[in-house]
Amino acid sequence: MTFTTNDFDFDLPEELIAQTPLADRQSSRLLVVDKETGELQDKHFYDILDELNEGDALVMNNTRVLPARLYGEKPDTGGHLEVLLLTNTEGNQWETLIKPAKRAKKGTVISFGDGRLKAEVIEELEHGGRIIEFQYEGVFLEIIESLGEMPLPPYIKERLEDPNRYQTVYAEENGSAAAPTAGLHFTEELLEKIKAKGVKLVYLTLHVGLGTFRPVNVESIEDHEMHSEFYKLTEESAAALREVKANGGRIVAVGTTSIRTLETIGTKFNGDIKADSGWTDIFITPGYEFKLVDAFSTNFHLPKSTLVMLVSAFATRDTVMSAYHHAIEEKYRFFSFGDAMFVK
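Just so you know, the residues in each chain are numbered from 1, in the order the chain's sequence is written. Where local features are concerned, this predicted model is filtered to residues with pLDDT of at least 70; where side-chain atom pairs are given and counted, the filter is 80 or more; whole-chain, interface and lining totals use all residues. The side-chain quantities take in all heavy atoms of the structure and omit both hydrogens and water.

Focus on the overall build of the protein chain
1) Next: On a plain count of helices and strands, the protein chain comes out with seven helices and 17 strands.
2) Next: Rg of the C-alpha trace for the protein chain: 21 Å, near the compact-globule value of 20 Å for 344 residues, within the 12% margin.
3) Next: Each principal axis of the C-alpha distribution contributes one length, and for the protein chain these read about 65 × 45 × 40 Å.
4) Next: For the exposure calls, accessible area comes from a 1.4 Å probe over protein chains only, and a residue counts as buried if that area is under 20% of its type's maximum, exposed if over 50%, partly exposed in between. In the protein chain, which comprises 344 residues, the share counted as buried stands at 54%.
5) Next: Note on contacts: a residue pair is in contact if any heavy atoms of the two residues lie within 4.5 Å. Pairs at least 24 apart in sequence give 70% of the contacts found in the protein chain among residues at least 6 apart.
6) Next: Computed with a 1.4 Å probe, the accessible areas rest on the Shrake-Rupley method; for each residue, only the protein chains presented here act as cover. Accessible surface, the protein chain as shown: approximately 15,600 Å² in total, 45% of it carbon and sulfur.
7) Next: Counted as positive: Lys and Arg. Counted as negative: Asp and Glu. His and the chain ends are not counted at all. Here the site of a charge means NZ on Lys, CZ on Arg, CG on Asp, or CD on Glu. Here the protein chain holds 36 positive side-chain charges and 56 negative ones, and the gap between their average locations is 2 Å. Helix numbering and strand numbering both begin at the N terminus, where a helix is a DSSP run of H or I of at least 4 residues and a strand a DSSP run of E of at least 2. In this setup the radius of gyration rests on C-alpha atoms only. A globule is expected at 2.2 Å times the number of residues raised to 0.38.

And the structure:
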């Protein structure tokens, strides 16, 4: 069956877009969706413990969000510019979005933090992005940590009091422009309980790009061009997953970023699990056959987004749309700081 972008649209009341995280991460609500029967159960996130079995693997994305929004000025004119770091292309060069872009022509110099960090625009890209090259003394990440702000998605209007609430408790590998938000519900205590149940905790890395939030603007989903993101699965993690599969356990992914990494590897190696790294632009839509993932948790996503399409590929569009309508009726919280669903 062929779907159009409008098949994944729904009306979302604005008041359901969560603006701030809950005080207790694991107290979010959890909608459990059975893809075979379509049954829906309203629970809390800490009940995910009941959904995991001894011998399963829980696969989490350990990427860490860079405080990638920088405010700088042009030393020659004093004009203010906002710079959002997207991807470290090579060395000290980064692909960025700059506002206002028209003030950032090739050759423009930008100063941040009274000159602690400087950058020059070295290339103008087609979609309005800019490649800039930084000059600094010291450790780049330390400078960014002290000067940058968390790049919260555009639908979050509230100021975030504690920047760590936009990081997972297991965030380790610097490089994301956005958080893998399905992981924000876990606490260290909950992970300990999951481990004590005999579930293997396995980590991979996918650096989330801002393209994740972009709605699909073409009518036919086949015409949508996916953004590319860097992923990595170590040999230690690959071996753990092979062992779980060999013993009949399930691979349970946390979030669409973990799913995309696992399915990229499963597709590349015909269902085998091998250590791998590279760039993925995998676009999972209904009709796709999953190679590795048996169940997953995820947040509630934007209408017409590639993420709603991915979830619909696993559990059918009708089941997912019915789950979303239930979530709206029951006033679940949506998007990055919102509630979650567990699809099995």
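Now that the structure is up, let's keep going.
Focus on the side chain of Arg-130
1) Next: Examined against the element boundaries, Arg-130 turns out to sit in strand β10 (residues 130-136).
2) Next: Polar contact is the term for a pair of N or O atoms within 3.5 Å; when the atoms are in protein, one must be able to donate a hydrogen and the other to accept it, and sequence-neighboring residues count only if both atoms are side-chain atoms. A distance of 3.1 Å separates a polar side-chain atom of Arg-130 from the backbone oxygen of Ala-101.
3) Next: For Arg-130, the contacting residues outside a window of four places in its chain are Trp-94, Glu-95, Thr-96, Ile-98, Ala-101, Ala-104, Val-121, Glu-123, Glu-124 and Leu-125.

Observations concerning helix α7 (residues 317-329)
1) Next: Expected helix span is taken as 1.5 Å per residue step, with the number of steps being one fewer than the number of residues. Counted at 1.5 Å a residue, the expected span for α7 with its 13 residues is 18 Å, and the 18 Å between its end C-alpha atoms agrees.
2) Next: Turning to α7, its buried residues are Thr-319, Val-320, Met-321, Ala-323, Tyr-324, His-326, Ala-327 and Ile-328.
3) Next: Residues of α7 that are buried in the fold lie against β1 (29-33), β2 (40-44), β16 (295-299), α6 (306-315) and β17 (340-343).
4) Next: Among the residues trailing α7, Lys-331 stands out with phi positive, at a value near 60°.

Here we look at the layout of surface pockets
1) Next: One number sums up the size of the second largest pocket: a volume of about 390 Å³.
2) Next: Glu-149, Met-150, Leu-152, Arg-159 and Leu-160 are the residues nearest the centre of the second largest pocket, which is lined by 21 residues in total.
3) Next: Under the convention adopted here, Pro, Cys and the residues Ala, Val, Leu, Ile, Met, Phe, Trp and Tyr are nonpolar, Asp, Glu, Lys and Arg are charged, and Gly plus all remaining residues are polar. When its residues are assigned to classes, the lining of the second largest pocket shows nine nonpolar, three polar and nine charged.
4) Next: Domain start and stop positions are those given by an automatic or database domain assignment. When we break the lining of the second largest pocket down by domain, the ones giving at least three residues each are domain 1 (5-65 + 162-343) and domain 2 (69-149). Throughout, the protein atoms alone are placed on a 1 Å grid, and a set of points is a cavity if a 1.4 Å probe fits but cannot get out or a pocket if it is open with protein on both sides within 12 Å along at least five of seven lines; lining residues have an atom within 4 Å of a point. Grid points are joined across faces, edges and corners, and a volume is the space filled by probe spheres set on the points.

Re the nonpolar core
1) Next: For this analysis, a nonpolar core means a set of buried residues of the types Ala, Val, Leu, Ile, Met, Phe, Trp, Tyr and Cys, connected via side-chain atoms within 4.5 Å. Counting 67 residues, the largest nonpolar core has Tyr-166, Leu-241, Leu-262 and Phe-334 as the members making the most contacts within it.
2) Next: Ranked by residue count, the leading element in this core is α6, at seven residues.
3) Next: Leu-84, Leu-85, Leu-86 and Val-121 belong to the second largest nonpolar core, which has 21 residues in total.

Remarks on the environment of Pro-153
1) Next: Inspection of the secondary structure assignment puts Pro-153 in the loop between α2 (140-147) and β11 (173-176).
2) Next: Take Pro-153: its relative accessible area is 3%, and that puts it in the buried class.
3) Next: When the C-alpha atoms of Pro-153 and Arg-317 are compared, they prove to be 26 Å apart, with 164 residues separating the residues in sequence.

Some details on unusual backbone geometry
1) Next: The residue after Lys-99, namely Pro-100, is reached through a cis peptide bond having omega -10°.
2) Next: Among the structural elements, Pro-100 can be located in the loop between β7 (93-99) and β8 (109-112).
3) Next: Here the phi dihedral of Asn-270 falls at roughly 50°; this positive angle occurs in a residue that is not glycine.
4) Next: Structurally, Asn-270 can be placed in the loop between α5 (255-268) and β15 (276-280).

Things to note about a negative patch on the surface
1) Next: A surface patch of negative charge is lined by Asp-24, Glu-188, Glu-189 and Glu-192.
2) Next: Assignment of secondary structure puts Glu-192 in helix α3 (residues 188-196). Patch members must show over 30% relative accessible area and no salt bridge, and they are joined within 9 Å when carrying like charges or within 5 Å when they are nonpolar side chains of Val, Leu, Ile, Met, Phe, Trp or Tyr. Salt bridge criterion: a side-chain nitrogen from Lys or Arg within 4 Å of a carboxyl oxygen from Asp or Glu.

Comments concerning the domain arrangement of the protein chain
1) Next: What the domain assignment reports for the protein chain is domain 1 (5-65 + 162-343) and domain 2 (69-149).
2) Next: On a C-alpha basis, the centroid separation for the pair domain 1 and domain 2 is 32 Å.
3) Next: Summed over both partners, buried area is the accessible surface (1.4 Å probe) that two parts give up on being assembled. Contact between domain 1 and domain 2 buries roughly 410 Å² in total, counting both sides, with carbon and sulfur atoms accounting for 64%.
4) Next: The tally of links between domain 1 and domain 2 comes to one salt bridge.
5) Next: Here Arg-64 makes a salt bridge to Glu-145, at a shortest N to O gap of 2.8 Å.
6) Next: Here domain 1 is connected to domain 2 by one residue pair in polar contact (both at pLDDT 80 or more).

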